[in-house]
Amino acid sequence: MEALKLEQVVKQYGEKTAVNGISLKVEQGEIYGLLGANGAGKTTTMRMVLGLIYPDEGKILYNGKTFSDELQHLMGYLPEERGLYPKVKVSDQIIYLARLRGMSASDADKSLRFWLDRFDVPDYYNKKIEELSKGNQQKMGFIAAVVHKPQILVLDEAFSGLDPVNVELLKDTVRELRDQGTSILFSTHRMEHVEELCRNITILDRSNTVVQGDIREIKKGYPREEVVLRTVGEVSGLDLIPGVSAVQKQERGYVLSISEIGAAQRILQHAMSANEIEHFEIKEPTLNQIFIRAVGESHE
Ligand SMILES: Nc1ncnc2c1ncn2[C@@H]1O[C@H](COP(=O)(O)OP(=O)(O)OP(=O)(O)O)[C@@H](O)[C@H]1O
């Protein structure tokens, strides 16, 4: 059974339809990507999943059950806008939040110390949030979201403001939580993070679902339009091959745009007869390209 299931969920703000009939399923131990342009309805969807606002239509089910107050203990949320109080000590507010979610004071304390050690910052226990850098505040927000061991975790731009080392640290942590069975709704504008972490996604655009499913399957539905070619020396005449619409010379080799897949074979034959090939690849579209195309198309 799915840990989380949305069925035709609608949310209106007065005349404005913020979410127009979204349906999706998140399995236990899955990281699910919720993507969309600005104002598409992601935050509204996440807030409904967390029970902070209620759908006007449709159903949200958690392990097959509808929302209840006890369920709130099983949820964790890292909001995009940082939610911690600047003037309060890390330990005071994170333990308080964990206790609100049903943890005993001593378990909350243990869990907080575990996470501070995990992030290599045990001394933050006694620091106020405002004393920390932006990235470290983000890490404390992450700890606040996971300290009570939630079963459903909602992460909105979880890696914003982090340096590349900390992004890797948090990515590893998110993967570990997934492997321990946490179901994660993951929202971001950084498509490369989605490619690395998620199998299934929904792309929203102006309150509607425009793309949904397994990323690998979605990619199969888009034509392969790019060939990457690296050869020992230069190759002339690539732009004259039928089906090649553009040739970009790179530092090492070429990136060619093709209008039909047959052109890839012709490029390979042409390059082989001209020079020694180091690398040849027919590239599938990136999620970034798919996103731009899907969201761009619906705006036309
Ligand atoms: N409290 C509210 N009252 C009225 N309209 C709202 C409210 N909250 C959101 N909206 C509208 O609903 C739509 C969806 O907003 P939402 O915040 O869910 O988008 P989002 O996908 O999270 O965007 P972003 O990527 O910019 O954070 C927007 O048009 C927004 O203006």
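Sequence order as written defines the numbering, with residues in each chain counted from 1. Since the coordinates come from a predicted model, pLDDT governs what is reported: local features require at least 70, and pairs of side-chain atoms require 80 or more to be given and counted, while whole-chain, interface and lining totals use all residues.

As annotated in an unreviewed UniProt entry, the protein chain is Sodium ABC transporter ATP-binding protein from Paenibacillus helianthi. UniProt positions are given in the numbering used here, feature names are shortened, and annotations may be inferred rather than shown by experiment. As recorded by UniProt, the Sequence similarities (unreviewed entry) comment attached to the protein chain reads in full: "Belongs to the ABC transporter superfamily."

Visitor: With reference to specific residues and values, describe the UniProt feature "domain: ABC transporter" (unreviewed entry) in the protein chain.
Guide: As annotated in UniProt, the feature "domain: ABC transporter" (unreviewed entry) corresponds to residues 4-231 in the numbering used here. The helix and strand labels rest on DSSP assignments: H or I over at least four residues marks a helix, E over at least two residues marks a strand, and numbering proceeds from the N terminus. Across residues 4-231 one finds 33% helix and 29% strand; the C-alpha atoms that close the span lie 49 Å apart.

Visitor: How would you explain the nonpolar core if you had to name every residue and give the values?
Guide: Soluble, globular proteins show a tendency: their nonpolar side chains are buried together. If you look at the biggest cluster of nonpolar residues, it comprises 62 residues, and the most contacted ones within it are Y32, I94, V147, I184 and L185. Note that contacts rest on C-beta atoms placed from the backbone: two residues are in contact if these are within 7 Å. The residues touching Y32, leaving out its near neighbours within four places in the chain, are L24, V26, I184, L185, F186, C198 and N200. Joined through C-beta atoms within 7 Å, a set of buried Ala, Val, Leu, Ile, Met, Phe, Trp, Tyr and Cys residues constitutes a nonpolar core. Three exposure classes are used, based on other C-beta atoms lying within 10 Å of a residue's own C-beta, which is placed from the backbone: buried for 20 or more, exposed for 12 or fewer, and partly exposed in between. With 12 residues, the next largest nonpolar core counts L238, I258, A263 and A271 among its residues.

Visitor: Describe the sheet that holds strand β1 (residues 4-13), and please don't skip the residues or the numbers.
Guide: Sheets are built from strands paired through backbone hydrogen bonds, the pairs being either parallel or antiparallel. One open sheet holds the 3 strands; their spatial order is β2-β1-β4, and the pairing between them is antiparallel. Taken across any chain shown, the strands that pair with only one partner, and hence form the sheet edges, are β2 (16-26) and β4 (57-62). Geometrically, the sheet is characterised by an average inter-axis angle of 20° between neighbouring strands, direction not taken into account. At least two DSSP bridges between two strands are required for those strands to pair. Axis geometry follows a simple rule: fit a line to the C-alpha atoms, using only the stretch in contact for helices, then measure angles between N-to-C directions, giving values from 0 to 180 degrees.

Visitor: Quick rundown of the domain arrangement of the protein chain? Include the residues and the values.
Guide: Each domain's extent is set by a domain assignment, obtained either automatically or from a database. Annotation of the protein chain at the domain level lists domain 1 (4-219) and domain 2 (223-283). Between the C-alpha centres of domain 1 and domain 2 the distance comes to 43 Å.

Visitor: I'd like a description of helix α1 (residues 42-49), backed by residues and values.
Guide: Two residues of an α-helix separated by three or four positions point the same way, owing to the 3.6 residues in each turn. Of all 8 residues in α1, 6 are buried; the element is thus mostly enclosed. Those residues of α1 that fall on the buried side of the exposure criterion are K42, T44, T45, M46, M48 and V49. Just downstream of α1, G51 is the residue with a positive phi angle, here 75°.

Visitor: Hey, could you go over the sheet that holds strand β9 (residues 208-214) for me, with residue numbers and the actual values?
Guide: With respect to topology, 6 strands assemble into an open sheet ordered β5-β6-β7-β3-β8-β9, the strand pairing being mixed. The open sheet is flanked by β5 (75-78) and β9, the only strands paired with a single partner. Going from strand to strand, the sheet's axes swing by 15° on average, the running direction of each strand aside. With 6 bridges joining them, strand β8 (residues 200-205) and β9 adopt antiparallel strand pairing. Residue I201 lies in a different strand from β9, and its bridge partner there is G213. Of the strands in this sheet, β5 and β6 (152-156) touch helix α4 (residues 134-146), which is tilted by about 165° from β5. Relative to the sheet, helix α5 (residues 164-179) contacts β3 (31-36), β6 and β7 (183-187), its axis offset from that of β7 by approximately 145°.

Visitor: Break down the site of the ligand for me, with residues and values.
Guide: Only the C-beta atom, placed from the backbone, is used; a residue is near a molecule or strand if that atom lies within 6 Å of it. All residues adjacent to the ligand are Y13, K16, A18, G36, N38, G39, A40, G41, K42, T43 and T44. Breaking the shell around the ligand down by element, the ones donating at least two residues are β2 and α1. Per element, the largest residue contribution to the shell around the ligand is 3 residues, and it comes from α1. The residue makeup of the shell around the ligand, split by class, is 3 nonpolar, 6 polar and 2 charged. Amino acids are sorted into nonpolar (Ala, Val, Leu, Ile, Met, Phe, Trp, Tyr, Cys and Pro), charged (Asp, Glu, Lys and Arg) and polar (every other residue, Gly among them).

Visitor: Report on helix α3 (residues 105-118), specifying residues and quantitative values.
Guide: The span expected for a helix works out to 1.5 Å for each residue beyond the first. For α3, with 14 residues, the first-to-last C-alpha span of 20 Å sits near the 20 Å given by 1.5 Å per residue. Burial in α3 covers these residues: A108, L112, W115 and L116. Across the axial projection of α3, the buried residues extend over an arc of 100°, all falling on one side. Within α3, the exposed residues directed more than 90 degrees away from the buried face are S106, F114 and D117. Those residues of α3 hidden inside the fold are in contact with α2 (90-100) and α4. Residue D120 follows α3 closely and has a positive phi angle near 65°. Arc, as used here, means the arc of the directions from the helix axis to the C-beta atoms.

Visitor: I'd like a description of the pairing of β5, backed by residues and values.
Guide: Residues M75 and Y77 of β5 are buried on one face, and the alternating residues G76 and L78, pointing to the opposite face, are buried as well. Here β5 runs beside β6; their pairing, made up of 4 bridges, is parallel. Looking at β6, one finds that L78 is bridged to L155.

Visitor: With reference to specific residues and values, describe the environment of I258.
Guide: Residue position: I258 is located in strand β12 (residues 253-258). I258 sits 13 residues away from S245 along the chain, and the two C-alpha atoms are 5.5 Å apart. With near-sequence residues (within four places) excluded, I258 lies in contact with E225, V227, G243, V244, S245, A263 and A264.

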